[in-house]
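Spelled out, the chains give:
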Amino acid sequence: MVASSVLGFPRANREVKKAVEGYWAGKLSADELTKVALEVKKTNWTSLKQRGVDLIPSGDFSLYDHVLDHSAAFNVIPKRYLGHNLSPLDVYFAMGRGRQADGVDVPASEMKKWFDSNYHFVVPEFSEETDFKLVFNKALEEFTEAKNIGVTTRPVVLGPVTFLALGKATKDAKAGFRPVSLLPKLLPVYKQLLADLKAAGAESVQIDEPILVLDVAATYEKEFITAYSELAPVSPKLVLATYYGRLDSNLTFVAKLPIAGLHIDLDRAPAQLDQVIAAVKPSNIILSLGVVSGRNIWKSDFQAALKLGQKAVEAIGAERVIIATSSSLLHTPVTLAAEKKLTPEQQDWFSFALEKASEVSTIASVLSGSQDAKVTEALEANKVSIAKRREFERTSDDAVRKRVAAITPEMLERKSPFAVRKEIQVKQLGLPKFPTTTIGSFPQTQEIRTARAKLGKKEITEEEYKTFIKKEIESVVRIQEKIGLDLLVHGEPERNDMVQYFGERLHGFVFTQNGWVQSYGSRYVRPPIIVSDVSRPGPITVEWSSYAQSVTQKPMKGMLTGPVTILNWSFPRADVSREIQCKQLALALRDEVVDLEKAGIKAVQVDEPALREGLPLRKPDWDAYLSWALPSFKIATAGVTDALQTHSHFCYSDFGDIFPSIQALDADVISIEASKSDMKLLSTFKQYGYSNQIGPGVYDIHSPRVPSEQEIKDRIKAMLEFLSPDQLFINPDCGLKTRAWKETEASLINLVNAARWARQTYQ
């Protein structure tokens, strides 16, 4: 019989978010938070069991981040978080978001994107002094919790090689230290964790090693062999899970590991199936096939999935095949049942986490030869749904397609080189040395959210809402003037989300009411869904930026989200290439940028925080992606005169490996996350001789902590070791939407004072 499996589940429709934020605000106790978490876990396990899933995950739940959970469980806690008389839970949250209360002042740990997703993980920190020990066995705790309600689960554990490979050396580690060198010290703790699970009755464990889909994994062959040779004898059956990409040459050593099962992603890399079957066929390794996507929301094509599954069944037998989601369902909303505003036609296109659980169960049942009437009915219904979707996909907007086809090389280039543009912009903007600005958004207060909700419920008129937004914009402008910022923004009070807002004003998108997906910690987003050709029916932001400029003499910066980021932070179409979708978005944004300049806006920021995130995981695939991602940004920004200063923002990314591509964007000013990455990126800017202007973030906005003026001065000093004073903008790491006004104003006052100091010091 073919079994069914889900690799991981979403952390609920924001119930956990609300409870965690309640704990931070002192409204919930630790015990109350634990109770909320347990109820969410019980609901998840029970729901998956009801959907007929055979292998249900446990241990994948988290209050903040699963990698942070692993660090806390294994005692990988940087010294700066210890000795403050904090509870283990408060130490945990301090690592994730920093802490500035009750005499404790510590910044948050660094965050990075989880492979090529929009999920952020907290980076583990290692040194020769790291003292691994099993502080608590989260996998065992959750396995037992599920068992207590009658649900048998398969525990999920982050693998040892991936854990070390994703970490970084602490500042006090010796030069040349590699975290992976700690594997011999780490393995005894893994053996204890896995042996405890075996003793508790766990038959198998899903051990995640997604590092295996990266090129760098080839350098860890020895570590993988060592690790699994030691772990296998004391563990339950180990199912090694890879996802987000293909194994490629790493399969050669993976197939020889003493594992009971191997999971592969056939959503992202279906072509690897033949190679993997050939590699595992001589062994007894069970093959878990990720045929139901964990990354998109489109209904699975059962016929395509069955074709892949049947190939494996015929090659190695049904008892050695599992039908699974391609990855954890963390990246998808919980259920379509919560969506009341999608049309019946749209509802029929999609599949969220619970629906995907039903899909893996149905596909596995069909492959097992089930004669159940419900299975047959589901199979036939899927055929009808897919046929209807394919019929819809054949429609297109001819004008949009023709405009994409008519893109010329000249549309990608500014009229003059940067040096010429800079001189013109200096005269037009009148900014001082070390100009100060922000990344765009200001705090979204409860009043703003309430007004937006009232508009949606038609409790206020459109005119009343616009009057309210104008008052908010003017208030934000006055605050910036009072603080002394140089290049202002309108604060974005009208925007619900930096991608959703634009999607709602473009043709080609649909939206959910409750399609929340975790981005980091307690931050959730509702990705729009691209369903057809994209175009701009009219101006999107011009009214608000123009109004903001009308109430101040200081220059105003227009704020847009870039085409690559809108694409990567939406659920894209599956029937049209990402290149075509991105260029359609780029042309729509090009029109917006041109209209902003015509309206008197002198600077426009087109944010691309997801540019690096979208880069394929395998280096041989990079050029194909960059060949359309970079031109898309340039199409969006190159239609203006030399006088308009273009900005772009990038966050939480390693740019060293694609730096020439960042240069090729030719933005007049770029801003980057730098406050939590030890400014290691800046050496790359110096190495490549970057000449345009740049604003490395001087403080972390993902934490409520207020940086001191001296901290910001120290960062400016460090930045000037790599950049010239004429290049440097002074700004935060990212937008301020999620912060409170008190901490925002205090932080920006310190930022402006530090910039004034810099002007006096570096004349």
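Residues numbered from 1 in each chain as written. Predicted model: local features only at pLDDT ≥ 70, side-chain atom pairs only at ≥ 80, totals over all residues. Heavy atoms only, no water.

**So, the pairing of strand E20 (residues 603-607)**
Next, step 1: With respect to burial, E20 is a largely interior element, five of its five residues being buried.
Next, step 2: Both faces of E20 are covered, namely the face carrying Ala-603, Gln-605 and Asp-607 and the face carrying Val-604 and Val-606.
Next, step 3: Strand direction decides the pairing type here: strand E19 (residues 557-561) and E20, joined by five bridges, are parallel. Along E20, the bridge assignment pairs Gly-558 with Val-604.
Next, step 4: The pairing of E20 with strand E21 (residues 645-650) spans three bridges and is parallel. Residue pairing in the sheet places Gln-605 in a bridge with His-647 of E21.
Next, step 5: Running through helix H23 (residues 622-637), the crossover from E20 to the neighbouring parallel element E21 is right-handed. (Buried < 20%, exposed > 50% of the residue type's maximum accessible area, 1.4 Å probe, protein only. Helix = DSSP H or I, 4+ residues; strand = E, 2+ residues; numbered from the N terminus. Pairing = 2+ DSSP bridges. Right-handed = clockwise from strand over helix to strand, strands pointing away.)

**Remarks on unusual backbone geometry**
Next, step 1: Despite not being glycine, Tyr-244 has its phi angle at roughly 80°, a positive value.
Next, step 2: With respect to the element layout, Tyr-244 can be found in the loop between strand E11 (237-241) and helix H9 (251-254).
Next, step 3: Tyr-244 gets classed as buried once you look at its relative accessible area, which sits at 4%.
Next, step 4: For Glu-492, which is not a glycine, the phi torsion comes out positive at approximately 60°.
Next, step 5: By secondary structure assignment, the location of Glu-492 is in the loop between helix H18 (462-483) and helix H19 (500-503).
Next, step 6: By relative accessible area, Glu-492 is classed as buried at 11%.

**Things to note about the UniProt feature "domain: Cobalamin-independent methionine synthase MetE N-terminal" (unreviewed entry) in the protein**
Next, step 1: In the numbering adopted here, UniProt assigns the feature "domain: Cobalamin-independent methionine synthase MetE N-terminal" (unreviewed entry) to residues 4-311.
Next, step 2: Helix makes up 38% of residues 4-311 and strand 16%. Its end C-alpha atoms lie 16 Å apart. (UniProt positions renumbered as here; feature names shortened; annotations may be inferred.)

**Overview of the pattern of salt bridges**
Next, step 1: Tallied over the full model, the rule gives 49 salt bridges.
Next, step 2: Ionic pairing is found between Glu-481 and Arg-478, a salt bridge with its closest N-O pair at 2.9 Å. Residue Glu-481 and its partner Arg-478 are located together in helix H18, separated by three residues, close to a single helical turn.
Next, step 3: Classification of Glu-481 by relative accessible area gives partly exposed; the value is 27%.
Next, step 4: Judged by its relative accessible area of 35%, Arg-478 falls in the partly exposed class.
Next, step 5: A salt bridge links Glu-494 to Arg-495, with the shortest nitrogen-to-oxygen separation between them at 3.0 Å. Accessibility assignment for this pair places Glu-494 and Arg-495 in one class, buried.
Next, step 6: Each of Arg-389, Arg-390, Glu-393, Arg-401, Asp-533, Arg-573 and Asp-575 takes part in one network of salt bridges that share partners. (Salt bridge = Lys/Arg side-chain N within 4 Å of Asp/Glu carboxyl O.)

**Focus: the packing of helix H1 (residues 15-24) against helix H4 (residues 88-97)**
Next, step 1: H4 packs onto H1 with a crossing angle of 105° between their chain directions and a minimal axis gap of 12 Å. Taken as axis vectors, H1 and H4 run roughly perpendicular relative to one another. In this structure, H1 contributes Val-20, Tyr-23 and Trp-24 to the contact, and H4 contributes Leu-89, Asp-90, Phe-93 and Arg-97.
Next, step 2: In terms of residue class, the contact of H1 with H4 is built from five nonpolar, no polar and two charged. (Axes fitted to C-alpha atoms, helices over the stretch in contact; angles between N-to-C directions. Parallel < 35°, antiparallel > 145°, perpendicular 65-115°, else oblique. Contact = heavy atoms within 4.5 Å. Nonpolar A, V, L, I, M, F, W, Y, C, P; charged D, E, K, R; others polar.)

**Describing the packing of helix H15 (residues 398-405) against helix H22 (residues 578-598)**
Next, step 1: At their nearest, the axes of H15 and H22 sit 10 Å apart, and the two run at 90° to each other. In terms of orientation, H15 lies roughly perpendicular with respect to H22. Residues Val-400, Arg-401, Arg-403 and Val-404 of H15 form the contact with H22, whose participating residues are Lys-583, Gln-584, Leu-587 and Asp-591.
Next, step 2: When the residues that make up the contact of H15 with H22 are grouped by side-chain class, the tally is three nonpolar, one polar and four charged.

**Concerning the packing of aromatic side chains**
Next, step 1: Scanning all chains against the criterion turns up 28 aromatic pairs.
Next, step 2: Geometrically, the ring pair formed by Phe-224 and Tyr-228 is stacked, given 6.2 Å between the ring centres and 10° between the ring planes. You can see Phe-224 and its partner Tyr-228 sitting in helix H8 (residues 221-231), four residues apart, about one turn around the helix.
Next, step 3: Given a relative accessible area of 0%, Tyr-228 falls into the buried group.
Next, step 4: Within the aromatic cluster, the residues linked to one another by ring pairs are Tyr-23, Trp-24, Tyr-64, Tyr-92 and Phe-93.
Next, step 5: Cation over ring: Arg-97 sits above Trp-24, and NZ or CZ is 3.7 Å from the ring centre.
Next, step 6: Between Arg-295 and the ring centre of Tyr-244, over which it is positioned, the NZ or CZ distance is 4.9 Å. (Phe/Tyr/Trp six-rings, centres within 6.5 Å; stacked < 30°, edge-to-face > 60°. Lys NZ or Arg CZ within 6 Å of the ring centre and 35° of its normal.)

**A closer look at the sheet that holds strand E14 (residues 321-325)**
Next, step 1: One open sheet holds the eight strands; their spatial order is E1-E14-E13-E12-E11-E10-E8-E2, and the pairing between them is parallel. For this open sheet the edge positions go to strand E1 (3-5) and strand E2 (56-58), each flanked by a neighbour on one side alone. Adjacent strand axes in the sheet meet at a mean angle of 30°, parallel and antiparallel pairs treated alike.
Next, step 2: Relative to strand E10 (residues 204-208), strand E8 (residues 153-158) runs parallel, the two sharing three bridges. Counted as the bridge partner of Val-156 is Gln-206 from E10.
Next, step 3: Each of strand E12 (261-265) and strand E13 (286-292) touches helix H10 (residues 273-280); the most contacted strand, E13, lies at about 165° to it.

**Thoughts on the sheet that holds E19**
Next, step 1: Strand order in the open sheet formed by five strands is E19-E20-E21-E22-E23, and the pairing between neighbours is parallel. The outermost strands of the open sheet, each flanked by one partner alone, are E19 and strand E23 (693-696). If you compare each strand with its neighbour and ignore which way they point, the axes differ by 20° on average.

**Examining the nonpolar core**
Next, step 1: Membership of the largest hydrophobic core comes to 100 residues, with the highest contact counts inside it found for Trp-114, Tyr-228, Leu-262 and Leu-289.
Next, step 2: Examining the composition of this core, we find that eight residues originate from one element, helix H7 (residues 183-199), more than from any other.
Next, step 3: Core analysis: the next-biggest nonpolar cluster, separate from the first, contains 87 residues, Phe-442, Ile-479, Val-604 and Leu-665 among them. (Core = buried A, V, L, I, M, F, W, Y, C linked by side-chain atoms within 4.5 Å.)

**Section: the side chain of Glu-110**
Next, step 1: Relative to the helices and strands, Glu-110 is located in the loop between strand E4 (104-106) and strand E5 (111-113).
Next, step 2: Taking relative accessible area as the criterion, Glu-110 reaches 3% and is therefore assigned buried.
Next, step 3: A polar contact is formed between the side chain of Glu-110 and the side chain of Lys-168, at a distance of 2.8 Å. (Polar contact = N/O pair within 3.5 Å; in protein donor to acceptor, adjacent residues only side chain to side chain.)

**Some points on the environment of Lys-281**
Next, step 1: Locating Lys-281 in the fold gives a position in the loop between H10 and E13.
Next, step 2: Here the alpha-carbon distance between Lys-281 and Ala-315, two residues 34 residues apart in the chain, equals 7.4 Å.
Next, step 3: In this view, Lys-281 contacts Ala-315, Ile-316 and Arg-320; residues no more than four positions away in its chain are not counted.

**Thoughts on H23**
Next, step 1: For H23, with 16 residues, the first-to-last C-alpha span of 23 Å sits near the 22 Å given by 1.5 Å per residue.
Next, step 2: A large share of H23 lies buried, amounting to 13 of its 16 residues. (Expected span 1.5 Å × (residues − 1).)

**Section: H4**
Next, step 1: The element H4 is extensively covered by neighbouring structure, given that nine of its ten residues are classed as buried.
Next, step 2: Those residues of H4 that sit buried are Leu-89, Asp-90, Val-91, Tyr-92, Phe-93, Ala-94, Met-95, Gly-96 and Arg-97.
Next, step 3: Elements that come into contact with the buried residues of H4 comprise H1, helix H2 (30-50), helix H3 (66-73), strand E3 (99-101), E4 and strand E6 (120-122).
Next, step 4: After H4 finishes, the residue Gly-98 shows a positive phi value of roughly 80°.

**Regarding the environment of Thr-561**
Next, step 1: Among the structural elements, Thr-561 can be located in strand E19.
Next, step 2: When the C-alpha positions of Thr-561 and Val-499 are compared, they lie 6.6 Å apart, and in sequence the two are 62 residues distant.
Next, step 3: At 2.5 Å, the side chain of Thr-561 and the backbone oxygen of Met-498 are in polar contact.

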